[in-house]
Amino acid sequence: MSVKTGIYSGSFNPIHIGHLALANWIREFGGLDELWFMVTPHNPIKTKHQLIDGQLRLEMVEVAIEGYPQFKVSDFEFRLPQPTYTINTLEALSQAYPEREFHLVMGSDNWQIINRWKAHDKLIRDYHILIYPRPGYPVGELTSPKATVIDAPLLELSSTLIREAYRQGKDIRFLLPEKVRPYFYGPDKRIAL
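Our subject in this report is the structure included herewith. (Residues numbered from 1 in each chain as written. Predicted model: local features only at pLDDT ≥ 70, side-chain atom pairs only at ≥ 80, totals over all residues. Heavy atoms only, no water.)

### Comments concerning the environment of Glu59
Positionally, Glu59 belongs in helix 2 (residues 54–65). Spatially, the C-alpha atoms of Glu59 and Arg167 are 21 Å apart, while their sequence positions differ by 108 residues. Those residues in contact with Glu59 that lie beyond four places of it in its chain are Tyr183 and Arg190. A polar side-chain atom of Glu59 sits 2.7 Å from a polar atom in the side chain of Tyr183. (Helix = DSSP H or I, 4+ residues; strand = E, 2+ residues; numbered from the N terminus. Contact = heavy atoms within 4.5 Å. Polar contact = N/O pair within 3.5 Å; in protein donor to acceptor, adjacent residues only side chain to side chain.)

Here it is, written out as structure tokens:
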């Protein structure tokens with residue numbers, strides 16, 4: 001019997017409570033055995049200057065999920081040729097972990113533009129996709145029997161909003177997981193945006 005493993009891929013630039021709330025809901029109510037936070041070193045549609053250092057992003061995800069054994073952080077994409085593409089990642093994961101059945105987690109914003117993704121036809125044919133609705137991005141027709149809309153609660157929060165608020169001197173500590181706050185505040189502060 002295969003281990004149902006969710007792949008929650010993203011920059012996590014930085015990880016915030018919205019990421020964790022969604023991941024927790026998907027893991028507990030979405031029928032998955034585990035959920036892996038797949039930290040992307042460099043998303044092809046984002047510029048590198050927008051990104052916090054990759055090792056720091058990995059470290060922040062690691063401390064944010066500490067103590068919850070069904071969550072894992074993965075640096076798998078850091079070992080793949082850059083830029084990384086979802087289909088390449090999933091194929092490499094399937095080869096490395098044949099005992100696992102991978103389910104890709106994506107927002108309806110990405111589902112709307114899935115036809116722009118590399119090898120999107122193969123992606124939606126070969127892999128389970130869990131789509132969470134985002135306001136302003138209706139899911140529309142599901143073009144794959146392996147695609148499922150999940151009824152997760154909506155929490156509109158983004159890493160972009162958090163970075164911008166932080167740059168403006170706003171206090172964002174309660175938007176961050178407790179163990180991530182010291183990266184932004186206090187004597188051990190390591191993030192400068």
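Read on for the rest.
### Section: helix 6 (residues 159–167)
Taken residue by residue, helix 6 has Ser159, Ile162, Arg163, Ala165 and Tyr166 as its buried positions. Seen end-on, helix 6 carries its buried residues on one side only, within an arc spanning 165°. Looking at the buried side of helix 6, the elements it contacts are helix 1 (17–29). (Buried < 20%, exposed > 50% of the residue type's maximum accessible area, 1.4 Å probe, protein only. Arc of directions from axis to C-beta.)

### Some words on the sheet that holds strand 3 (residues 71–74)
Note on sheets: strands pair through backbone hydrogen bonds, and any given pair is parallel or antiparallel. One open sheet holds the 6 strands; their spatial order is 3-2-1-4-5-6, and the pairing between them is parallel. Both edges of this open sheet fall to strand 3 and strand 6 (147–149), since each of them pairs with a single strand only. Adjacent strand axes in the sheet meet at a mean angle of 25°, parallel and antiparallel pairs treated alike. With 6 bridges connecting them, strand 1 (residues 3–10) and strand 4 (residues 100–107) associate as parallel partners. Across the sheet, residue Tyr8 finds its bridge partner in strand 4, namely Val105. (Pairing = 2+ DSSP bridges. Axes fitted to C-alpha atoms, helices over the stretch in contact; angles between N-to-C directions.)

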